[in-house]
Each structure stands twice: as structure tokens, then as C-alpha cells.
Amino acid sequence: RGNLTRDKHQEINKDLKEYITTLEKGELCMVNVLQWLQDCILKSTAKAPDANNEDRKSAEGQESEDPAKSVFSRYLIQSHHIYGKDKRRNILDWATELSLTGFCLPGKPGCICVEGQKQACEKFWSSVRRLNWKKISLRHHEDFFVARTEELGSLRCFAKFEELNLDPHTCHGGRENIMDKGKMYEFLVAHNCQHIFSFFFSVEGQGSLRETSQ
């Protein structure tokens, strides 16, 4: 059947019957019929679009016009705590695979910041939230529209994705690592993104910095 649709087959059968009626009775018509069929099928397949090719072109067009690829996003994720080695390894691996930059700050609370293409951030958040957490939430996200995907890099605050160690102090007999908020704020200032501090802690960074310095 090739690329011919059912409707096209029915149309050819109808035309063939009409063609046969034009032949002289008793005429050896097999050669004529075969030639007619060959010509008809060649014309039909030449005009019929390749469905797979059309679908592929359509998909490629949609991909090139995907609005998510023209949006730079920054996702701020906070969990009750991040301690487990497997979770921390997954977070690092997924961010790297998705070409995201930012950081993961283990301890209590656990803080994650990822930035990059919007669809990559969405996929990262979808994967992370499926892990077993006591509590986790997307505290805030930022979207920046760009004209070309090449411009995404200029919006990054971080050059890579890394796990931070900001000298946390322990409490409750060493069972919990509590982050140093002052050092966290200093780290964000150094990367020109101190505005995200308040989304993690609901307080102004400078106030927290003064408290931890006393």
C-alpha cells in the first residue's frame, strides 16, 4: 500500500473501473490496465506527502519555537534539611546533566538554587520533589525572557553548580548541622544575587549578618 491512504485506494479503484469500461470488448486489456495503474500510482505517490517527514518537520519547528528555550529561570528550593549522601549526589548529578548552575547548601534548612533554561529548571524540580522529604517547597522562581538562547549565559549568577560548605555549627548533640546565615549572605553578595536571601529565610540578610557576627 506504500504511502497511499484508504481514501486514495478507493479513488483509484473507482477510476480503474471507469477506465475499463472505455476499453473495447474482447480487447486484450491487461497490458493497458497495468500501465494505467502504474501511471496512476506514480502520480499519487508523487503528490502524497510523507507523513513521517511532515511530522518530523513539525516537531522540529515546534522545538525551535519552544518558548521555554527562550526563558531563563532561577528556582529557589528549600527543604526541612538535606543530609543524605544519595540525595546530595542526585542533586549534583541532575543539575550537571541539565546544564544548570547554582548551589546546594546541605544542613538544616537545606537550600538549593538552580538557574538555566526554564524547561531544565522545571525538570530538575520535578525530579527533586519526588525524593523522600520531610518537607520541601519551591520558595520562589524568576523568569527572564530573552530574544536568543545564546543570551541565557549572560543572566547566570553562578559559573557552575556546586555543593557549599559554609562551616555549619552543630546542635542537639551533633545530630543537626545548622548553617551560618551570615556566611550564606556573604556568598550571595559575592555572586551579585543577595536578593534571594530573603526568599530562603524571610528576613533581610544584613540583619542576619549582624546577628551572627555578634
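Please refer to the structure placed before this passage.
About the criteria used
Residues numbered from 1 in each chain as written. Predicted model: local features only at pLDDT ≥ 70, side-chain atom pairs only at ≥ 80, totals over all residues. Heavy atoms only, no water. Helix = DSSP H or I, 4+ residues; strand = E, 2+ residues; numbered from the N terminus. Contact = heavy atoms within 4.5 Å. Areas by Shrake-Rupley, 256 points an atom, 1.4 Å probe, with all protein chains shown as cover. Buried < 20%, exposed > 50% of the residue type's maximum accessible area, 1.4 Å probe, protein only. Polar contact = N/O pair within 3.5 Å; in protein donor to acceptor, adjacent residues only side chain to side chain. Expected span 1.5 Å × (residues − 1). Pairing = 2+ DSSP bridges. Axes fitted to C-alpha atoms, helices over the stretch in contact; angles between N-to-C directions. Parallel < 35°, antiparallel > 145°, perpendicular 65-115°, else oblique. Left-handed = near helix turned anticlockwise from the far one by under 90°. Nonpolar A, V, L, I, M, F, W, Y, C, P; charged D, E, K, R; others polar. Core = buried A, V, L, I, M, F, W, Y, C linked by side-chain atoms within 4.5 Å. Phe/Tyr/Trp six-rings, centres within 6.5 Å; stacked < 30°, edge-to-face > 60°. Lys NZ or Arg CZ within 6 Å of the ring centre and 35° of its normal.

Looking only at helices and strands, the protein chain features eight helices and seven strands. Contacts in the protein chain between residues far apart in sequence, at least 24 positions, make up 71% of those at least 6 positions apart. Taken as a whole, the protein chain presents about 13,800 Å² of accessible surface, with 49% of it coming from carbon and sulfur.

Another point: the side chain of Thr101. As for its placement among the helices and strands, Thr101 is situated in strand S2 (residues 101–105). On the accessibility criterion, Thr101 (7% relative accessible area) is buried. Reaching out from Thr101, the side chain makes a polar contact with the side chain of Arg156 at a distance of 2.9 Å. Contact partners of Thr101, with chain neighbours within four places excluded, come to Cys113, Val114, Glu115, Arg156, Phe158, Ala159, Lys160 and Phe161.

The end-to-end C-alpha distance of helix H4 (residues 85–97) is 18 Å, a good match for the 18 Å that 13 residues give at a rise of 1.5 Å each. Backbone geometry just after H4 places Ser99 at a positive phi near 60 degrees.

Read across the open sheet, the five strands follow the order S4-S1-S3-S2-S5; overall the sheet is mixed. What marks the edges here is a single partner per strand, and that holds for strand S4 (136–145) and strand S5 (161–163). On average, each strand axis in the sheet is tilted by 10 degrees relative to the strand beside it, whichever way the strands run. Pairing of S2 with strand S3 (residues 110–117) involves five bridges; the strand directions are antiparallel. The partner of Cys104 across the bridge, within S3, is Ile112. Lying over the sheet, helix H5 (residues 118–129) contacts strand S1 (71–79), S3 and S4, oriented at roughly 150 degrees with respect to S3. In the packing of helix H6 (residues 181–190) onto the sheet, contacts are made with S2, S3 and S5, and the angle to S2 comes to roughly 175 degrees.

A few words now on the pairing of S3. Within S3, seven of the eight residues are buried, which leaves it mostly tucked inside the rest of the structure. Examined bridge by bridge, S1 and S3 share eight bridges and lie antiparallel to one another. Looking at the pairing, Ser73 lines up with Gly116 of S3. With antiparallel pairing between neighbouring strands as the criterion, S2 and S3 make up a hairpin whose turn holds four residues, including Gly107 at a positive phi of roughly 120 degrees.

We now examine the packing of H4 against H5. Relative orientation of the contacting elements H4 and H5 amounts to 160 degrees, with a least axis distance of 10 Å. In terms of orientation, H4 and H5 fall into the roughly antiparallel class. Remark: the crossing between H4 and H5 carries right-handed chirality. Between H4 and H5, the contacting residues are Ile91, Trp94 and Ala95 on the first element and Phe124, Ser127 and Val128 on the second. Looking at the contact of H4 with H5 residue by residue, the classes come out as five nonpolar, one polar and no charged.

The biggest cluster of nonpolar side chains holds 18 residues, and the ones touching the most others in it are Phe103, Leu105, Cys111, Met184, Leu188, Ile196 and Phe200. Put simply, the parts of the chain that give this core at least two residues each are S2, S3, H6 and helix H7 (197–201). When residues in this core are grouped by element, the largest group, four residues, is from H6. Excluding anything up to four places from it in sequence, Leu188 contacts Phe103, Cys193, Gln194, Ile196 and Phe197. Ile77, Ile91, Ala120 and Phe161 belong to the second-largest nonpolar core, a separate cluster that totals 16 residues.

Another point: the packing of aromatic side chains. For any pair of aromatic rings, the description rests on two quantities: the centre-to-centre distance and the angle between the ring planes. Applying the stated criterion across every chain yields a total of nine aromatic pairs. Note on Phe103 and Phe158: the rings are 5.5 Å apart at their centroids and 70 degrees apart in plane angle, and the pair reads as edge-to-face. Taken together, the residues span a long stretch of sequence, with Phe103 in strand S2 and Phe158 in the loop between S4 and S5 at a distance of 55 residues. Residue class for Phe103 comes out buried when judged on its relative accessible area of 0%. A relative accessible area of 4% means that Phe158 is categorised as buried. Connected via pairs of aromatic rings, a cluster forms that spans Phe103, Phe158, Tyr185, Phe187, Phe197, Phe200 and Phe201. When the ring centre of Trp133 is taken as origin, the NZ or CZ atom of Lys87, which lies over that ring, is 4.1 Å away.

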